[in-house]
Amino acid sequence: MDFQKFNWIRTRDGSPTLWHNGEGAAFRSQKGAFTESLCAFVRPALEAAQGAHAPELRVVEFGLGPGTNWALWHLSALALSKLGSPLTSSYTAIEKDPESFELGYALWLESLPLLTSFVSAEWDSEISESEARDCLEDARTKLRIVSSLEQLVSCPVESTPANVWFHDPFGFDINPSAYQTEQLTKLKGLIAPTGRAYSYACNSPFQKALRASGFDVATPETGNMGLKRERLEFWPSLG
Ligand SMILES: C[S@@+](CC[C@H](N)C(=O)[O-])C[C@H]1O[C@@H](n2cnc3c(N)ncnc32)[C@H](O)[C@@H]1O
């Protein structure tokens, strides 16, 4: 039987995500792709940035995939700017297989009604489809993609410490090294001392590996009944 590499699937909140046939895994939670992205990554990062009055952010995402976090990040920033809280950011992604992003980007431009109604409702700030299209097209021209953590580290511009780090490679069962000390210690200089990293994975071995790699860890509730109870934040420990 000949399987395609990827298929789009509908998740429980009605939003799409890609299914990776080779890995046998969904790129975002089947419990709700947009919901997970917003609750575990985009909302906490944007709210922390607002609280810190940091108008200019450097975002690095480990695992761009189809770009759910990327699209919701930019559209949420647009929604906030319409509420009078403008924010500018650069977005760099580490992605070994950008094919999923090309599929994602094409789908986001075809799914503007779904994206705009989701983002407008989440932030209580109306964004139009044409504003969303302009926003994503502009963000696409500015997005920087590197293929590995090693490539990021070796590039002086790209290794500038991030204010926001989205730790979103596939889960531990598929990608154990991304959750173990050897890789995590490499992140220490890549996240600013006041920066914050976000993950939907929050299992105990990951938390233990983060602490051993020089990070402090918190596991706030996702605050959404449809998702798993907790998400994870980590940041460089002082000293
Ligand atoms: C869970 S998906 C990312 C979902 C995405 N953040 C979104 O919001 O739609 C994981 C992605 O991480 C990428 N990835 C996993 N390990 C990687 C590595 N060591 N280097 C670069 N990319 C990696 C995979 O190719 C895959 O596209």
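Structure: above.
Cut-offs used in this document
Residues numbered from 1 in each chain as written. Predicted model: local features only at pLDDT ≥ 70, side-chain atom pairs only at ≥ 80, totals over all residues. Heavy atoms only, no water. Helix = DSSP H or I, 4+ residues; strand = E, 2+ residues; numbered from the N terminus. Rg over C-alpha atoms; globule rule 2.2 N^0.38 Å. Buried < 20%, exposed > 50% of the residue type's maximum accessible area, 1.4 Å probe, protein only. Contact = heavy atoms within 4.5 Å. Areas by Shrake-Rupley, 256 points an atom, 1.4 Å probe, with all protein chains shown as cover. Lys, Arg positive; Asp, Glu negative; His and termini not counted. Charge placed at Lys NZ, Arg CZ, Asp CG, Glu CD. Near = heavy atom within 4 Å. Polar contact = N/O pair within 3.5 Å; in protein donor to acceptor, adjacent residues only side chain to side chain. Salt bridge = Lys/Arg side-chain N within 4 Å of Asp/Glu carboxyl O. Axes fitted to C-alpha atoms, helices over the stretch in contact; angles between N-to-C directions. Parallel < 35°, antiparallel > 145°, perpendicular 65-115°, else oblique. Left-handed = near helix turned anticlockwise from the far one by under 90°. Pairing = 2+ DSSP bridges.

**Q** Requested: an account of the overall build of the protein chain, with residues and values cited.
**A** A tally of helices and strands in the protein chain yields eight helices and 10 strands. For 239 residues, the compact-globule estimate of 2.2 N^0.38 gives 18 Å, and the C-alpha radius of gyration of the protein chain, at 17 Å, lies within 12% of that figure. Oriented by its inertia axes, the alpha-carbon framework of the protein chain measures out at about 55 × 45 × 40 Å. In the protein chain, which comprises 239 residues, the proportion classed as buried is 52%. Sequence-distant contacts in the protein chain: of pairs separated by 6 or more residues, those separated by 24 or more amount to 68%. Accessible area for the protein chain stands at about 10,900 Å²; split by element, carbon and sulfur atoms hold 53% of it. Of the charged side chains in the protein chain, 21 are positive and 29 negative; the average position of the first set lies 6 Å away from that of the second.

**Q** Report on the site of the ligand, specifying residues and quantitative values.
**A** Taken together, 19 residues lie near the ligand, and Arg28, Gly63, Thr68, Glu95 and Asp168 sit nearest. Thr68 has a polar side-chain atom sitting 2.6 Å from an oxygen atom of the ligand. Between Asp168 and the ligand, the recorded distance is 2.6 Å, taken from a side-chain N or O atom to a nitrogen atom. In the complex, 92% of the free accessible area of the ligand, which totals 610 Å², lies under the protein chains. Contributions of two or more residues to the shell around the ligand are made by strand E4 (56-62) and helix H2 (68-82).

**Q** Give a description of the environment of Glu122 that names residues and reports values.
**A** Mapped onto the secondary structure, Glu122 falls in helix H4 (residues 112-123). You can call Glu122 partly exposed: its relative accessible area is 33%. Residues in contact with Glu122, not counting those within four places in the same chain, are Leu38 and Arg43.

**Q** Run through the pattern of salt bridges, naming residues and quoting values.
**A** When their charged atoms lie close together, side chains carrying opposite charge are able to pair. Under the definition given, this model contains 17 salt bridges. Residues Arg133 and Glu137 are paired through a salt bridge, measuring 3.7 Å at the closest nitrogen-oxygen approach. Linking Arg133 with Glu137, this pair stays in helix H5 (residues 129-142), spanning four residues, or about one helical turn. For Arg133, a relative accessible area of 33% corresponds to the partly exposed category. The exposure class assigned to Glu137 is partly exposed, which follows from its relative accessible area of 34%. Here Glu221 and Arg229 are joined by a salt bridge, their closest N and O atoms 3.3 Å apart. Because the salt bridges share partners, they merge into one network encompassing Lys5, Asp97 and Glu99.

**Q** Account for the packing of helix H1 (residues 33-51) against H2, naming residues and giving values.
**A** The relative placement of two packed helices is expressed as an angle between their axes plus a distance between the axes. Between H1 and H2, the shortest axis-to-axis distance is 9 Å and the interhelical angle comes to 50°. One finds that H1 runs oblique with respect to H2. H1 and H2 meet at a crossing whose hand is right-handed. Across the interface between the two elements, Ala33, Phe34, Ser37, Leu38, Phe41, Val42, Ala45, Leu46 and Gln50 from H1 touch Thr68, Asn69, Leu72, Trp73, Ser76, Ala77 and Leu80 from H2.

**Q** Account for the sheet that holds strand E8 (residues 191-199), with residues named and values stated.
**A** As summarised here, the arrangement of the seven strands in space is E6-E5-E4-E7-E8-E10-E9, forming an open sheet in which the pairing is mixed. The open sheet has two edge strands, strand E6 (144-146) and strand E9 (215-218), and neither has a second partner. Between one strand axis and the next, the sheet turns through 20° on average, direction left out of account. With three bridges connecting them, strand E5 (residues 88-94) and E6 associate as parallel partners. Residue pairing for E6: Thr92 is matched across the bridge by Arg144. Packed onto the sheet, H2 meets E4, E5 and strand E7 (162-167) and runs at close to 180° relative to E5.

**Q** Before we move on, can you summarise the sheet that holds strand E2 (residues 16-20) with the specific residues and values?
**A** Spatially, three strands are ordered E1-E2-E3 in an open sheet, and the strand pairing comes out antiparallel. Each edge of the sheet is formed by a strand with only one pairing partner; in this case those strands are strand E1 (6-10) and strand E3 (25-26). Pairing geometry for E1 and E2, over five bridges, is antiparallel. Paired with Trp8 across the two strands is Leu18, which belongs to E2. Contacts between helix H3 (residues 99-110) and the sheet are confined to E1 and E2, with E1 contributing the most and set at about 40° to the helix.

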